[in-house]
Amino acid sequence: MKRRFFPKTLIQKMFFTLIIMAIYLIGRELPLYGVNLDAYEALRDNTEDLIMQTIGGDRYKTSILALGISPFMFSTLFVQMAVAFKNADSKSHTSPKKVTRATLNLMLVWACIQAYFTSNSTFYIYEGGVELTIAKLISAAQMVTGAFVILWLATRNGKYGIGGQTILIYVNILDSVVNTVRYTKLADLKLIGAISVVALLFTIIFENTEYRIPMQRISIHNIYSDKNYIPIKLNPIGMMPVMFSSAFFALPVYVLSALNSLLPENETISYLHDNMNTNCTLGIGVYIVVLYVITIVFSFVFISPKNLAESLQKSGDSITGLRAGKKTRRYIGIRVFIISIFSATFMSLFIGMPLVLQLKGLVPQDVMSLPSIMIAMASINCNLYRELRAVKDFDGYVQFI
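Thresholds, definitions, all that
- Residues numbered from 1 in each chain as written.
- Predicted model: local features only at pLDDT ≥ 70, side-chain atom pairs only at ≥ 80, totals over all residues.
- Heavy atoms only, no water.
- UniProt positions renumbered as here; feature names shortened; annotations may be inferred.
- Patch = residues over 30% accessible without salt bridge, like charges linked within 9 Å, V, L, I, M, F, W, Y side chains within 5 Å.
- Areas by Shrake-Rupley, 256 points an atom, 1.4 Å probe, with all protein chains shown as cover.
- Salt bridge = Lys/Arg side-chain N within 4 Å of Asp/Glu carboxyl O.
- Lys, Arg positive; Asp, Glu negative; His and termini not counted.
- Charge placed at Lys NZ, Arg CZ, Asp CG, Glu CD.
- Helix = DSSP H or I, 4+ residues; strand = E, 2+ residues; numbered from the N terminus.
- Buried < 20%, exposed > 50% of the residue type's maximum accessible area, 1.4 Å probe, protein only.
- Pairing = 2+ DSSP bridges.
- Contact = heavy atoms within 4.5 Å.
- Axes fitted to C-alpha atoms, helices over the stretch in contact; angles between N-to-C directions.
- pLDDT = per-residue confidence, 0-100.
- Parallel < 35°, antiparallel > 145°, perpendicular 65-115°, else oblique.
- Left-handed = near helix turned anticlockwise from the far one by under 90°.
- Core = buried A, V, L, I, M, F, W, Y, C linked by side-chain atoms within 4.5 Å.

- Under an unreviewed UniProt entry, the chain has the name Preprotein translocase subunit SecY and belongs to Pseudobutyrivibrio ruminis.
- Of the comments in the UniProt record for the chain, the one headed Sequence similarities (unreviewed entry) reads "Belongs to the SecY/SEC61-alpha family."

Next comes the structure, spelled out in structure tokens:
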């Protein structure tokens, strides 16, 4: 059988992904009902918060896809955390259908909350009265619907395309890079560009480097018995902290917005509300703390020392020089904690440094999020490369006749 020069499965998947990306880009150009697009022209030279720069795509929140993929990401991680803290018996009785239903219900609630605050901060062509209220209700409904359309596109791409659900985030990242570099002078890119290149290189190294815990398997008694290990990436959860810390950072922002509406005369709440963004010292500090917590917590969620220890104990395998059970769990837990701290420090350094430099006037506001974009892009590129190779290798197999 003659081998194809162009792998059939790979071409089909890439073509499907291009269709999904085209639909998504068209959706980003469809404006919300009643939105005043002319009012946003003055903002075109400025950069929105790091939250929208990294994952949002619609930085001015004027399209029906304004909420982006963040409602789904937030609800997915929240449900995964809830499931991770269950015991083994409870997990065994938790069906995937039940998890999916809980995720979608939470997504609907979170999307409605985001749509409410977004519609209240959107510029409309109506100045007040019933028309403005109707415009806000319709645009909020459009945003919630758009969030579920994005989920459908991401799910279809995960099943039939390349890149899974992150491909839509990748589109936003490429758009952010183009818009950031396109209208920026070369002199303004020197410092932030150097930081971005270093962040890019470190991300690639961390994505392809792993810490190995040596172990012994009772079923292997040959020359490969000394080559068994538990691998843990130096960047355990990849670009997730960049995305999910932004989603969780929105929690205190929305809480303070609600409190400020209820208690407008409270000076403390007003101060916190006005400074809870990544353009202020308070917001930067809270964002870095959220980033640290997210990195550590989800490292333990996705690399569960408890599950690993139980799996080793049931199979009869063990870490070299350690007894199975609590000692193994404690040993793995300490290693995961150290690696997650290392990863969180790396993320915080290259994401927090540009924000601080921007506050001091050393870096222009419209390029301060470039390092975070580079980190996300490098992480996704590494995963895309692995997936492309896997699909290409799949096409290399010859079917039995």
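What follows continues from the structure just given.
### A closer look at a positive patch on the surface
- Where like charges cluster on the molecular surface, the positive patch consists of Arg323, Lys326, Lys327, Arg329 and Arg330.
- Within the secondary structure, Arg330 is located in helix 13 (residues 326-359).
- Overall, Arg330 belongs to the exposed group, its relative accessible area being 51%.

### Digging into the sheet that holds strand 3 (residues 318-319)
- Across the sheet, which stays open at both edges, the three strands sit in the order 2-1-3 with antiparallel pairing between neighbours. Edge positions in the sheet fall to strand 2 (229-233) and strand 3, since each of these pairs with one other strand and no more.
- Bridging between strand 1 (residues 210-216) and strand 3 involves two bridges; their strand directions are antiparallel. Note on strand 3: the bridge partner recorded for Met215 is Ile319.
- Along the sheet face, helix 13 touches strand 1, strand 2 and strand 3 and points at about 170 degrees away from the line of strand 1.

### Side note on the environment of Gly34
- Mapped onto the secondary structure, Gly34 falls in the loop between helix 1 (8-28) and helix 2 (50-56).
- According to the relative accessible area criterion, Gly34 is buried, its value standing at 12%.
- As a C-alpha pair, Gly34 and Ser139 span 105 residues in sequence and 7.7 Å in three-dimensional space.
- In contact with Gly34, other than residues within four places in its own chain, are Phe123, Tyr124, Ile125 and Tyr126.

### Regarding the pattern of salt bridges
- Scanning the entire structure with this criterion turns up two salt bridges.
- Across the salt bridge formed by Glu207 and Lys233, the nearest N and O atoms sit 2.9 Å from each other. One end of the pair, Glu207, is in helix 8 (residues 186-207); the other, Lys233, is in strand 2, and 26 residues separate them in sequence.
- Here Glu207 falls in the buried class, since its relative accessible area comes to 2%.
- Residue classification places Lys233 among the partly exposed residues on the basis of a relative accessible area of 25%.
- Where Glu210 meets Arg212, a salt bridge forms, and the shortest distance between an N and an O atom there is 3.0 Å.
- Given a relative accessible area of 47%, Arg212 falls into the partly exposed group.

### A look at the confidence of the model for the chain
- Confidence along the chain averages 79 in pLDDT terms, with 84% of residues attaining 70 or more.
- No element of the chain has a lower mean pLDDT than helix 2, at 50, and none a higher one than helix 6 (residues 129-160), at 89.
- Note on residues 1-5: pLDDT under 50 across the span, and two contacts to partners over four residues away in sequence or across chains.

### Considering a nonpolar patch on the surface
- A contiguous nonpolar surface patch, about 340 Å² in accessible area, is contributed by Tyr33, Val130, Ile134 and Ile138.
- In this fold, Tyr33 is placed in the loop between helix 1 and helix 2.
- Residue Tyr33 is classed as partly exposed on the basis of its relative accessible area of 35%.

### Topic: the packing of helix 5 (residues 96-120) against helix 6
- Viewed as axis vectors pointing N to C, helix 5 and helix 6 meet at an angle of 140 degrees, and their least axial separation amounts to 9 Å. Classed by the angle they form, the pair helix 5 and helix 6 counts as oblique. Here the hand of the crossing between helix 5 and helix 6 comes out right-handed. Seen from helix 5, the contacting residues are Leu104, Met107, Leu108, Ala111, Cys112, Ala115, Thr118, Ser119 and Asn120; seen from helix 6, they are Lys136, Ser139, Ala140, Met143, Val144, Ala147, Phe148 and Leu151.

### Overview of the pairing of strand 2
- Along strand 2, the buried face is formed by Ile230 and Ile232; none of Tyr229, Pro231 and Lys233, which line the opposite face, is buried.
- Here strand 1 pairs with strand 2 via five bridges, running antiparallel. Across the sheet, residue Ile213 finds its bridge partner in strand 2, namely Ile230.

### Quick notes on the nonpolar core
- Counting residues in hydrophobic clusters, the biggest one holds 78 residues, and the most contacted among them are Leu168, Ile169, Ile173, Phe248 and Ile375.
- The biggest single contributor to this core is helix 14 (residues 370-396), with nine residues.
- In contact with Ile375, not counting residues within four places along its chain, are Ala199, Thr203, Val242, Phe346, Met347, Phe350 and Ile351.
- One finds Ile230, Ile303, Val336 and Ile339 within the second-largest nonpolar core, a separate group that totals ten residues.

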